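# Descriptive structure summary
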Amino acid sequence: MNFNNQPLIQEFNQSYEPITNEIWMQVLNSGNAHSALIKSAKTPEVARLLNTIQFMQLSGLDIMVIIKGLLNSKNYFELLFYVRNAGTILTQFNEDRLGIAGKDFQTLLPEVGVTDEEIVQLNQIRKKLTSVLKHHETSFREIRNTLHSHRKHDTLAQLELLQTLNPLEVKKILDSVLQWINEINSFLISILSRRLKSGQ
């Protein structure tokens, strides 16, 4: 992939607004349902499932904004700005997903009617992301700690790390994580829809 690939950039930019707006409206609309579920306290497991879906949607929006920034950067330092932000977002996403959709989430699945076969399918989807993030976890954490959220007060360390960053590689990783988010959310939304239709 090349950041000078104008047809690809144009295609992304054209789809960016409608897709992000649609997802954002879904999050807002489901937020009302989420609030009602929490207040009723009748179906806490459904509220937890919806919370996971919303978390994934918001994370996906963050990643799409970073991808847009990478593709449309006007100079190299602007490009590196989005790479630095990607390091923070991916590190935080990796930490948060373990709490949002980690081991505790496994216990929720049978409660919302997920079959054993579907749990196997879901675990296969989750393993895809684990393999991607584990391989890059250390480098993204270093980007966050040196260049962004926990920025070191050492400009030489910052400059040395900046010169090693590969925006194309970061873009590929962001694409992989976004694809994973879309895949797992499609799965979870189908489970939620089935549960709501059952009226349980």
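Everything numeric in this text was worked out from a predicted model, so none of it was measured. (Residues numbered from 1 in each chain as written. Predicted model: local features only at pLDDT ≥ 70, side-chain atom pairs only at ≥ 80, totals over all residues. Heavy atoms only, no water.)

### Things to note about the packing of helix H5 (residues 116-147) against helix H6 (residues 155-162)
In plain terms, the rule: Axis angles are defined between N-to-C directions and span 0 to 180 degrees, where every axis is a line fitted to C-alpha atoms and, for a helix, only to the segment in contact. In this description a helix means any DSSP run of H or I spanning at least four residues, a strand means any run of E spanning at least two, and both kinds are numbered starting from the N terminus. Here is the rule for handedness: rotate from the far helix to the near one, and if that takes an anticlockwise turn smaller than a right angle the crossing is left-handed, while a clockwise turn gives right-handed. Residues are treated as being in contact if the distance between any of their heavy atoms lies within 4.5 Å. Asp, Glu, Lys and Arg are counted as charged, while Ala, Val, Leu, Ile, Met, Phe, Trp, Tyr, Cys and Pro are counted as nonpolar; the rest, among them Gly, fall into the polar class.
Where H5 meets H6, the closest approach of the two axes is 10 Å, and the angle between their N-to-C directions is 145°. Regarding H5 and H6, the two cross each other, and that crossing is left-handed. The segment H5 lies against H6, with Glu142, Ile143, Thr146 and Leu147 engaging Ala157, Gln158, Leu161 and Leu162. Within the contact of H5 with H6, the residues separate by chemical class into five nonpolar, two polar and one charged.

### Focus: the pattern of salt bridges
Under the convention used in this document: Counted as salt bridges are all cases of a side-chain nitrogen of Lys or Arg within 4 Å of a carboxyl oxygen of Asp or Glu.
Applying the stated criterion across every chain, the model contains four salt bridges. Lys128 is paired through a salt bridge with Glu183; the nearest N and O atoms lie 3.0 Å apart. Here Lys128 is found in helix H5, whereas its partner Glu183 is found in helix H7 (residues 167-198), with 55 residues between them in sequence.

### Considering empty space enclosed by the protein
The following threshold applies: Residues are said to line a cavity or pocket when one of their atoms sits within 4 Å of a point; the points come from a 1 Å grid over protein atoms alone, cavities being sets where a 1.4 Å probe fits but cannot get out and pockets being open sets with protein on both sides within 12 Å along at least five of seven lines. Grid points are joined across faces, edges and corners, and a volume is the space filled by probe spheres set on the points.
Scanning the entire structure with this criterion turns up two cavities of 30 Å³ or more. The calculated volume of the largest cavity comes to roughly 50 Å³. In this structure, the largest cavity is lined by Leu90, Thr91, Asn94, Leu133, Glu137, Phe140 and Arg141. Mapped onto the lining of the largest cavity, the elements with two or more residues apiece are helix H3 (76-100) and H5. No other element matches the four residues that H5 contributes to the lining of the largest cavity.

### Quick notes on the packing of aromatic side chains
To keep things clear, this is the line we draw: Pairing of aromatic rings covers Phe, Tyr and Trp, the last through its six-membered ring, and needs centres within 6.5 Å; plane angles under 30 degrees mean stacked, over 60 mean edge-to-face, and all others mean tilted. Only protein chains enter the accessibility calculation, which uses a 1.4 Å probe; a residue whose area is less than 20% of its type maximum is buried, one above 50% is exposed, and one in between is partly exposed.
Tallied over the full model, the rule gives three aromatic pairs. Ring geometry for Phe55 versus Phe93: centroids 5.9 Å apart, planes at 5°, classification stacked. Residue Phe55 is found in helix H2 (residues 44-72), and its partner Phe93 is found in helix H3; the two are separated by 38 residues along the sequence. For the pair shown, Phe55 and Phe93 are each scored as buried. Between Phe81 and Tyr82, the ring centres sit 5.3 Å apart and the planes meet at 85°, which makes this aromatic pair edge-to-face. Overall, Phe81 belongs to the partly exposed group, its relative accessible area being 36%. Look at Tyr82 and you get partly exposed, because its relative accessible area is 21%. An aromatic cluster is built from Phe55, Phe93 and Trp180, whose rings are joined through pairwise contacts.

### Concerning helix H4 (residues 103-111)
Our working definition: Summarising the geometry, the arc corresponds to the directions from the helix axis toward the C-beta atoms.
All of the buried residues in H4 are Phe105, Leu108 and Leu109. One side of H4 carries all its buried residues, which in axial view fall inside an arc of 110°. Residues of H4 that are exposed and point more than 90 degrees away from the buried face comprise Lys103, Asp104 and Pro110. A positive phi of about 85° marks Gly113, the residue just after H4.

### Examining the nonpolar core
To be explicit about the condition: What is meant by a nonpolar core is a set of buried Ala, Val, Leu, Ile, Met, Phe, Trp, Tyr and Cys residues, joined one to another through side-chain atoms within 4.5 Å.
In this structure, Leu49, Ile63, Phe93, Leu165, Leu174, Val177 and Trp180 are the most contacted members of the largest nonpolar core, which totals 49 residues. Secondary-structure elements contributing two or more residues to this core are helix H1 (6-40), H2, H3, H4, H5, H6 and H7. If near-sequence neighbours (up to four positions away) are discounted, Val177 is found in contact with Ile63, Leu90, Phe93, Leu129, Val132 and Leu133.

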